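Listed below are the residues making up each chain.
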Amino acid sequence: MNYNWDFASVFDNWWALAVGLQGTLRLFAVCLILGMSLGLLVALGRRAHAKPVRWASTAFVEFFRNTPVLVQILWFYYALPILLPVEISPFMAAILGISLNSAAYSAEIFRGGIQSIEPGQWEAARAIGMSGLQTMRRVVLPQAVRRIIPSLTNRGVEIFKMTTLASVVAYVELLQQGKLVASLNFNPLEVYTVVAALFLIILYPIVRATYGLERRLARSD
Amino acid sequence: MYEWNFAPVFAESGLLLAGFRNTLILTATALSGGLVVGLLLAFARLSHRRWLRLPADLVIEVFRTTPPLVQLFWFYFGLPIVLSVEMTPFMAAGLTFTIQSGAFFAEIFRAGIVSIEKGQWEAARAIGMGHNQLMRRIILPQAVKRMFPSMMERSIELMKTTTLVATVSYADLLFQANELAQKTFRPLEVYTVVALIYFVSISCVSFFAARLEKRFARTGEFSV
């Protein structure tokens, strides 16, 4: 148990990890925006009057929630280019897999939020002459989003953690760069400890903030 | 237009079947280990003793806020150096996913235990039960029913997370798929079949979980 930890060899390569972190943040930002907005669309799709739209949205949610993200990423990376005449970069494959997966999860969160709004709100909005879309945008969604902010934040944290899966298709992100540094310096223990610590430092404050937010919302409702 | 051809995939279905078996073995190992670890962590977190509470808090928070793939790499490539032991992919994955799902289960257990009304604790104390008796006979049986939906959700998450072991060459379903895709040059068919295998098996589990939940709800002892 008297192993000599040597973090110097990790910090000598800090630029490699910095490049990785940049890649992680880029992938996270794209997937967060795409995942959340597509999630809202799918949630609205599940409430649509047209049966095919409702059916397709439900199928989308069920399929992406009931298969592993890693399988989805690999499918988009290796299988999709065979079907379509397109080049899929590791970045694209990771975006497709992670965004669609998160869209399915956040659709369920949005749906729950919208359903939680009392029928009286809908009736009142109709009574003053608002259309369905207007009611959704001006009355229901603003209230629903407030209630689901903690769940959406949790989803965001999950997305951040999921970005590491992009290393499997060799997208340059934090873990991928960690692997590189570890193979150059033979110091996997220190490198992966540092990588884990970086994720903890970035995500823990957000997680703590959600705890506080949940308590505040529980009191105010 | 691409012509789908599943024949080469089905010709090697034994390979995928063996992978699926390994996925189930790993899931079962991590699930049973995770439940035990989770219960212990939950008790430690609810304990009055600081030296029990603080380490449990630390384990739970660290394993919930770091990516599972980083944890797996740490246990597979890093830990053997500290302990100077040989680590097989199965051991590393079993250990990682046991502790990781344990951290998530701990929060579910804790929420369930805390959700039991004060009157139940007081009544059990009033008729002279000790802490262990009260926990085992009064609190846990009621708490487990309330926790059931979150437990099932977490177990399904665990099964999906096990695909990560393919990256450290444990022959799970996804790893076998990678091999097969290279062997047959049919990645489209292979990954489609594998996605469907996961989809069907996970959908079956969710379906039965939903039916059980309804049954609990009918007996009136179940509420979220």
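A few points on the structure.

### Notes on the overall build of chain B
- When helices and strands are tallied, chain B shows nine helices and zero strands.
- The order of α-helices and β-strands along chain B, N terminus first, is α-α-α-α-α-α-α-α-α.
- Each of the three principal axes of chain B carries a C-alpha extent, and together these read 75 × 50 × 25 Å.
- Per-residue burial over chain B gives 38% buried out of 224 residues.

### Structural notes on the interface of chain A and chain B
- On the chain B side, the residues contacting the 30 residues of chain A number 31 residues.
- With 11 residues, helix α9 (residues 188-220) of chain A is the single largest residue contributor to the side of chain A that touches chain B.
- Counted by class, the side of chain A that touches chain B contains 25 nonpolar, four polar and one charged residues.

### A look at the packing of helix α8 (residues 173-184) of chain B against helix α9 (residues 187-218) of chain B
Residues and elements named next belong to chain B.
- For the pair α8 and α9, the least separation of the axes is 8 Å and the interaxial angle reads 160°. One element, α8, and the other, α9, form an angle in the roughly antiparallel class. Considering how the two elements wind past one another, α8 and α9 form a crossing that is right-handed. Where α8 approaches α9, its residues Leu173, Leu174, Ala177, Leu180, Ala181 and Thr184 are matched on the opposing element by Pro187, Val190, Tyr191, Val194 and Ile197.

### Here we look at helix α4 (residues 68-83) of chain B
- In a regular helix each residue adds 1.5 Å, so 16 residues correspond to 22 Å; α4(B) covers 21 Å between its end C-alpha atoms and thus fits that length.
- Along α4(B), the largest kink reaches about 35° and is centred on Phe75(B).
- Taken together, the buried positions of α4(B) are occupied by Pro68(B), Leu69(B), Val70(B), Gln71(B), Leu72(B), Phe73(B), Trp74(B), Phe75(B), Tyr76(B), Phe77(B), Gly78(B) and Leu79(B).
- For α4(B), the elements touching its buried residues are α8 (174-185) and α9 of chain A together with α3 (50-65), α5 (89-115) and α7 (131-161) of chain B.
- At the exit of α4(B) stands Ser84(B), carrying a positive phi of roughly 45°.

### Let's talk about the environment of Gly113(A)
Residue and element names in this part refer to chain A.
- Here glycine 113 lies in helix α5 (residues 90-115).
- Its 22 C-beta neighbours within 10 Å are what place glycine 113 among the buried residues.
- Not counting the four nearest positions on each side in its chain, glycine 113 is found in contact with Ala144, Val145, Arg147 and Ile148.

Cut-offs applied
Residues numbered from 1 in each chain as written. Chains lettered and ligands numbered in written order. Predicted model: local features only at pLDDT ≥ 70, side-chain atom pairs only at ≥ 80, totals over all residues. Helix = DSSP H or I, 4+ residues; strand = E, 2+ residues; numbered from the N terminus. Buried ≥ 20, exposed ≤ 12 C-beta atoms within 10 Å, placed from the backbone. Contact = placed C-beta atoms within 7 Å. Nonpolar A, V, L, I, M, F, W, Y, C, P; charged D, E, K, R; others polar. Axes fitted to C-alpha atoms, helices over the stretch in contact; angles between N-to-C directions. Parallel < 35°, antiparallel > 145°, perpendicular 65-115°, else oblique. Left-handed = near helix turned anticlockwise from the far one by under 90°. Expected span 1.5 Å × (residues − 1). Bend = angle between axes of the 7 residues up to and from the residue.

Distances and angles like these do not, on their own, reveal function.
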